[in-house]
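Listed here are the chains, written in short residue letters.
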2 protein chains.
Amino acid sequence: MRKHHLFTPGPTMVPADVALAGARDMIHHRTDEFRSLYEKCHSQLQELLGTKQPVLTLLGSGTAAMEAAIGGILSPGERMIAFNGGKFGERWAKIGRTLGCEVHEVIYEWSDYTSVDKLEQALEECPDAVAVFVQLSETSSGIANPVKELAEICREHDKLIVVDGISGFPAMPCPMDEWGLDVMVTASQKGMMMPPGLGIIALSKRAQARVEQTPARIFYNDLKAQLKAHAKSNHAWTSGVSLHQQLSVALDELLREGLDAVHRRSHIQGEAVRGAARALGFKLLNEKRPGDVLTPVLMPEGVRGSEVAKYCRANWGIYFAAGQGDYTDKIVRIGHLGYQDHFETIMAVAAFEMAMKHFGADIELGKGVKVAQEILMADLEAQAKRTAASS
Amino acid sequence: MRKHHLFTPGPTMVPADVALAGARDMIHHRTDEFRSLYEKCHSQLQELLGTKQPVLTLLGSGTAAMEAAIGGILSPGERMIAFNGGKFGERWAKIGRTLGCEVHEVIYEWSDYTSVDKLEQALEECPDAVAVFVQLSETSSGIANPVKELAEICREHDKLIVVDGISGFPAMPCPMDEWGLDVMVTASQKGMMMPPGLGIIALSKRAQARVEQTPARIFYNDLKAQLKAHAKSNHAWTSGVSLHQQLSVALDELLREGLDAVHRRSHIQGEAVRGAARALGFKLLNEKRPGDVLTPVLMPEGVRGSEVAKYCRANWGIYFAAGQGDYTDKIVRIGHLGYQDHFETIMAVAAFEMAMKHFGADIELGKGVKVAQEILMADLEAQAKRTAASS
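Residues numbered from 1 in each chain as written. Chains lettered and ligands numbered in written order. Predicted model: local features only at pLDDT ≥ 70, side-chain atom pairs only at ≥ 80, totals over all residues.

Q: Quick one: what's the story with the overall build of chain A, residue by residue and with numbers?
A: Of regular secondary structure, chain A possesses 14 helices and 14 strands. Against the 2.2 N^0.38 benchmark of 21 Å for 391 residues, chain A shows a C-alpha radius of gyration of 21 Å, consistent with a compact globule. Seen along its three principal axes, the alpha-carbon backbone of chain A occupies a region of about 60 × 55 × 40 Å. Burial analysis of chain A (391 residues in total) assigns 57% to the buried set. Long-range contacts, defined as pairs at least 24 residues apart, comprise 72% of the intrachain contacts of chain A with a sequence gap of at least 6. (Helix = DSSP H or I, 4+ residues; strand = E, 2+ residues; numbered from the N terminus. Rg over C-alpha atoms; globule rule 2.2 N^0.38 Å. Buried ≥ 20, exposed ≤ 12 C-beta atoms within 10 Å, placed from the backbone. Contact = placed C-beta atoms within 7 Å.)

Okay, here's the thing in structure tokens:
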């Protein structure tokens, strides 16, 4: 028997209802039937993202939506500030340079985060920047950035703020309109509980105005064409039909659970994994501002993260992610987002302990599991009490 | 009861096996398990496309692969010849201009095709063009272009030839290496019998060399990054995991049927639809060089193609496509590609007759159906004879 327990920060596990929805009768995308599906998904996406503005679904990965964001609001030669504290911050800068923007790149340690101080300094050094690019959750470090505070400062300085919520949304709160975000980017294969295939991008009025005045220099991910199609509840190019059939079901499930409950679930699971790792004597890469999407556990001397991940995958069907870049072997990332319940989180902790034991770490099996059980059980008891009280 | 009979030129109907394969356990894309899936699909794609060269699968629609082709082999300011005899020829030119290329656009009537004469004239007018862009099947007109002959001339003049086989492949023959094609572009949602979501692009050695020397100015569809990832049986960005699970099954089914049989099926169905339409007294837009992907029937005076398509869809679950651009109301396009058998083709002809009758055309019900039956039955009888002989 070989199961796939995905504790990777995307792709994540997909509910059977969602997976099977992609096998529904194929329909054509230039029809009222598809437009109804589009509109239904769109209003649910608005609700989840906390925005009254257009939310576009691009057929592609999150990187497609990242390229769309930069190409849509910045012309060649215009300046952007990109915070690079990990692989995905670095990606903002790379895309910007590829599209001919002047990138003011703020590189910092992966154990650090995009602080208000760093932003203020960057704005001083690069006062003519048009937009600021940050991560809600930096997937390669598990760090959560203070997006709300960063957005306030951007507003004061009249800069657009573009947020990569690819792994962060909807695991962590990020209400777009309330926080005054200009562009919010996410993707289907993380907390949305779907297969990869849809890049999602929402645009404030200010961002839409930039799109209108920015001449297109990319074609497939051009936002002007997509906004025009969106006005007719459609896409500029062929739609991801089966992916929208899945999106519709995933959105129903997320809204039934409720956004607060989704946040709480990832948060408590994060607490459990962090608590377990610390109880076992491990250090975390993201102690300064741990995010709720994944926990990056620093490997002990002599243990290589990539080998741990490979061993667990090949022998047990347990999927952790190793690190990226310089951290490839220095950490193992344990995800707690998407379609993952508390008991699977206990499983993840148990498997992590067993892996560390296998690789020779001096730990006691069950010590981290106990901590995770205590934290998760307290939450389950509280949930059951709430359910009983409301029925 | 409401069925979906898709006779549109993509998306097309999807076999249940293929659809359900997308609901398999989600796996992570940076693993040996995914790399095996990738390699299995890749060698089958090579077989179907008739090439020993790399075939890349991009998470996106066919337009993503079209942009990748232009951005990959041409730098800004370089010249390209684009033949525009329909919406997708026009798209080559639009993408080229968006990416800063000098486009020598040869615009001709939609009832016409990209002839050897037109190519020779264009090469005379634009001798410093680097590449020539054509369609195997122009989806908006149903025209088939003489790609083999065009490729010969391109080779003589040392120009790269880039072929849009999005709707044409694998319904019509187009062996890449044998014909000396440099770039072949296709997509999942047409003859491949899959949902939309994968753009596919194959590159000759010459094209790969161009990619290596062309600085990237697009990011998501950048071929240099994808070729680099391909060398490790992977994608530059997150892979369309569920789409590759479907691709694997679709490729098995296509190869089991056999490429010759796939071509014959679309061809005979095309003969049946063309024969039926002519017997009913209709004229076809693509008489000069009818392709086997779809048949564009010219509407009689006073009948609007878009209304016919809408009526059939809304009332019968029969999906034809109206025309595009200036031809939106002038034609109805009847598809015969992908997962469609001979009996469904008879259904399409019957529904088309009924629609024409409904809209007041002076036709006799059954007259076209009879012709289609005769043509398709002859093929079925021949098939049965071959099956009996080989068993």
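On we go from here.
Q: Pulling in residues and values, what's your account of the relation of the copies chain B and chain A?
A: Least-squares fitting of chain B to chain A yields an RMSD of 0.0 Å, with the superposition described by an axial translation of 0.0 Å and a rotation of 180°. These values place the two chain copies in the arrangement generated by a two-fold rotation axis. For chain B, the residue whose C-alpha comes nearest the rotation axis is glycine 60 of chain B, separated from it by 2.5 Å. Both copies share a contact surface, since 100% of the interface residues of chain B are interface residues in chain A too. (Least-squares fit on C-alpha atoms with pLDDT ≥ 70 in both.)

Q: Go over the interface of chain B and chain A, please, and point to the residues and values.
A: Between chain B and chain A, the contact holds 45 residues from the first and 45 residues from the second. Elements that contribute at least two residues to the side of chain B that touches chain A include exactly helix 1 (16–21), helix 3 (62–73), helix 4 (87–98) and helix 10 (241–257) of chain B. For the side of chain B that touches chain A, the class distribution of residues is 23 nonpolar, 18 polar and 4 charged. (Nonpolar A, V, L, I, M, F, W, Y, C, P; charged D, E, K, R; others polar.)

Q: Tell me what's going on with the domain arrangement of chain A, and back it up with residues and numbers.
A: Put simply, an interface is often sized by how much accessible area is lost when its parts join up. Residue and element names in this part refer to chain A. Looking at the assigned domains, one finds that chain A contains domain 1 (16–256) and domain 2 (258–390). The straight-line distance from the C-alpha centre of domain 1 to that of domain 2 is 27 Å. Taken together, the contact between domain 1 and domain 2 spans 22 residues of the former and 23 residues of the latter. Here the side of domain 1 that touches domain 2 is composed, by residue class, of 11 nonpolar, 8 polar and 3 charged. (Domains from an automatic or database assignment.)

Q: I'd like to hear about the pairing of strand 4 (residues 102–107) of chain B, residue by residue, with values.
A: Residues and elements named next belong to chain B. Pairing between strand 3 (residues 79–84) and strand 4: 6 bridges, direction parallel. Counterpart to phenylalanine 83 in the pairing with strand 4 is valine 106. Handedness of the strand 3-helix 4-strand 4 crossover: right-handed. (Pairing = 2+ DSSP bridges. Right-handed = clockwise from strand over helix to strand, strands pointing away.)

Q: Help me get a handle on the pairing of strand 10 (residues 198–203) of chain A, residues and values and all.
A: Residue and element names in this part refer to chain A. With 6 of its 6 residues buried, strand 10 lies for the most part within the structure. Because side chains alternate across strand 10, one face comprises the buried residues Leu198, Ile200 and Ala202, and the other comprises Gly199, Ile201 and Leu203, equally buried. The sheet contact formed by strand 2 (residues 55–59) and strand 10 spans 5 bridges and is antiparallel. Bridge pairing in strand 10 places valine 55 opposite alanine 202.

Q: So what's going on with helix 8 (residues 205–213) of chain B? Residues and values would help.
A: All names here are of chain B. Among the residues of helix 8, those classed as buried are Ala207, Arg210 and Val211. On an axial view of helix 8, the arc spanned by its buried residues comes to 100°, and they lie on one face. The outward face of helix 8, more than 90 degrees from its buried face, is lined by the exposed residues Lys205, Ala209, Glu212 and Gln213. Residues of helix 8 that are buried in the fold lie against helix 3, strand 8 (160–164), strand 9 (183–187), strand 10 (198–203) and helix 9 (223–230). (Arc of directions from axis to C-beta.)

Q: Can you explain the packing of helix 11 (residues 259–279) of chain B against helix 14 (residues 367–390) of chain B? Please cite residues and give values.
A: Residues and elements named next belong to chain B. In the contact formed by helix 11 and helix 14, the axes pass within 7 Å of each other and the chain directions differ by 155°. Judged on the interaxial angle alone, helix 14 and helix 11 are roughly antiparallel. The handedness of the crossing between helix 11 and helix 14 comes out as right-handed. Within the contact between the two elements, helix 11 uses Ile268, Glu271, Ala272, Val273, Gly275, Ala276, Ala277 and Ala279 and helix 14 uses Lys367, Gly368, Val369, Val371, Ala372, Ile375, Leu376 and Asp379. Here the contact of helix 11 with helix 14 is built from residues that sort into 11 nonpolar, 2 polar and 3 charged. (Axes fitted to C-alpha atoms, helices over the stretch in contact; angles between N-to-C directions. Parallel < 35°, antiparallel > 145°, perpendicular 65-115°, else oblique. Left-handed = near helix turned anticlockwise from the far one by under 90°.)

Q: Which residues make up the environment of glutamate 364 of chain A, and what values go with them?
A: Residues and elements named next belong to chain A. Positionally, glutamate 364 belongs in the loop between helix 13 (342–358) and helix 14 (367–390). With 12 C-beta atoms packed within 10 Å, glutamate 364 lands in the exposed category. On a C-alpha basis, the gap between glutamate 364 and methionine 354 in space is 9.4 Å, while along the polypeptide they are 10 residues apart.

Q: Just give me the short version of the packing of helix 13 (residues 342–358) of chain B against helix 14 of chain B, but keep the residues and values in it.
A: All names here are of chain B. At a minimum axis separation of 9 Å, helix 13 and helix 14 run at an interaxial angle of 170°. Of the possible angle classes, the one that applies to helix 13 and helix 14 is roughly antiparallel. Residue-level contacts link His342, Thr345, Ile346, Val349, Ala350 and Glu353 of helix 13 to Gly368, Val369, Ala372, Gln373, Leu376, Asp379 and Leu380 of helix 14.

Q: Would you mind going over unusual backbone geometry in detail, with residue names and values included?
A: All names here are of chain A. The peptide bond linking glycine 10 to proline 11 adopts the cis configuration, its omega dihedral lying at -5°. Residue proline 170 is bonded to the preceding phenylalanine 169 through a cis peptide linkage, with omega at -5°. Relative to the elements of secondary structure, proline 170 occurs in the loop between strand 8 (160–164) and helix 7 (176–179). One non-glycine residue with positive phi stands out, namely aspartate 158, at about 60°.

Q: Give me the lowdown on the sheet that holds strand 11 (residues 294–298) of chain A, citing residues and values where you can.
A: Residue and element names in this part refer to chain A. What the 3 strands build is an open sheet, ordered 11-14-13; its pairing is antiparallel. Two strands in the sheet have a free side with no partner beyond their single neighbour: strand 11 and strand 13 (321–322). When strand 13 meets strand 14 (residues 331–335), the two strands line up antiparallel, connected through 2 bridges. Paired with alanine 321 across the bridge in strand 14 is arginine 333.

Q: So what's going on with helix 10 (residues 241–257) of chain A? Which residues, and what values?
A: An ideal rise of 1.5 Å per residue puts 24 Å on 17 residues; helix 10 of chain A measures up with 25 Å between its terminal C-alpha atoms. Buried residues belonging to helix 10 of chain A abut helix 1 (16–21), helix 2 (32–49), strand 2, strand 10 and helix 11 (259–279) of chain A. (Expected span 1.5 Å × (residues − 1).)

Q: Requested: an account of the sheet that holds strand 10 of chain B, with residues and values cited.
A: All names here are of chain B. One open sheet holds the 7 strands; their spatial order is 2-10-9-8-5-3-4, and the pairing between them is mixed. Among the strands making up the open sheet, the edge pair consists of strand 2 (55–59) and strand 4. On average, adjacent strands in this sheet sit at an angle of 20° to one another, irrespective of strand direction. Where strand 8 and strand 9 come together, 3 bridges link them in parallel fashion. Residue pairing for strand 9: aspartate 164 is matched across the bridge by valine 185. Here helix 5 (residues 116–125) sits on the sheet in contact with strand 3, strand 4 and strand 5 (131–135), set at roughly 145° to strand 4.

Q: How would you summarise the nonpolar core if you had to cite specific residues and measurements?
A: Judged by nonpolar contacts, the single largest core of 266 residues is most densely connected at Val163, Val183 and Ile201 of chain A together with Val163, Val183 and Ile201 of chain B. In contact with valine 183 of chain B, not counting residues within four places along its chain, are Ala69, Ile73, Leu160, Val162, Val163, Ile201, Leu203 and Ala207 of chain B. (Core = buried A, V, L, I, M, F, W, Y, C linked by C-beta atoms within 7 Å.)

Q: I'd like a description of the environment of aspartate 117 of chain A, backed by residues and values.
A: Residues and elements named next belong to chain A. Structurally, aspartate 117 is set in helix 5 (residues 116–125). Under the C-beta neighbour-count criterion, aspartate 117 is labelled exposed, with 8 such atoms within 10 Å. Separated by 19 residues in sequence, aspartate 117 and leucine 136 have C-alpha atoms that sit 17 Å apart.

Q: Give me the lowdown on the confidence of the model for chain A, citing residues and values where you can.
A: Of the residues in chain A, 100% reach a pLDDT of 70 or more, and the chain-wide mean stands at 98. In the predicted complex, the global pTM is 0.96; the interface-specific ipTM is 0.95. (pLDDT = per-residue confidence, 0-100.)

Q: Explain the environment of isoleucine 153 of chain B to me, using residue names and the numbers behind them.
A: Residues and elements named next belong to chain B. If you trace the backbone, isoleucine 153 turns up in helix 6 (residues 147–156). Placed 37 residues apart in sequence, isoleucine 153 and valine 116 show a C-alpha to C-alpha distance of 7.8 Å. Excluding anything up to four places from it in sequence, isoleucine 153 contacts Val116, Leu119 and Glu120.

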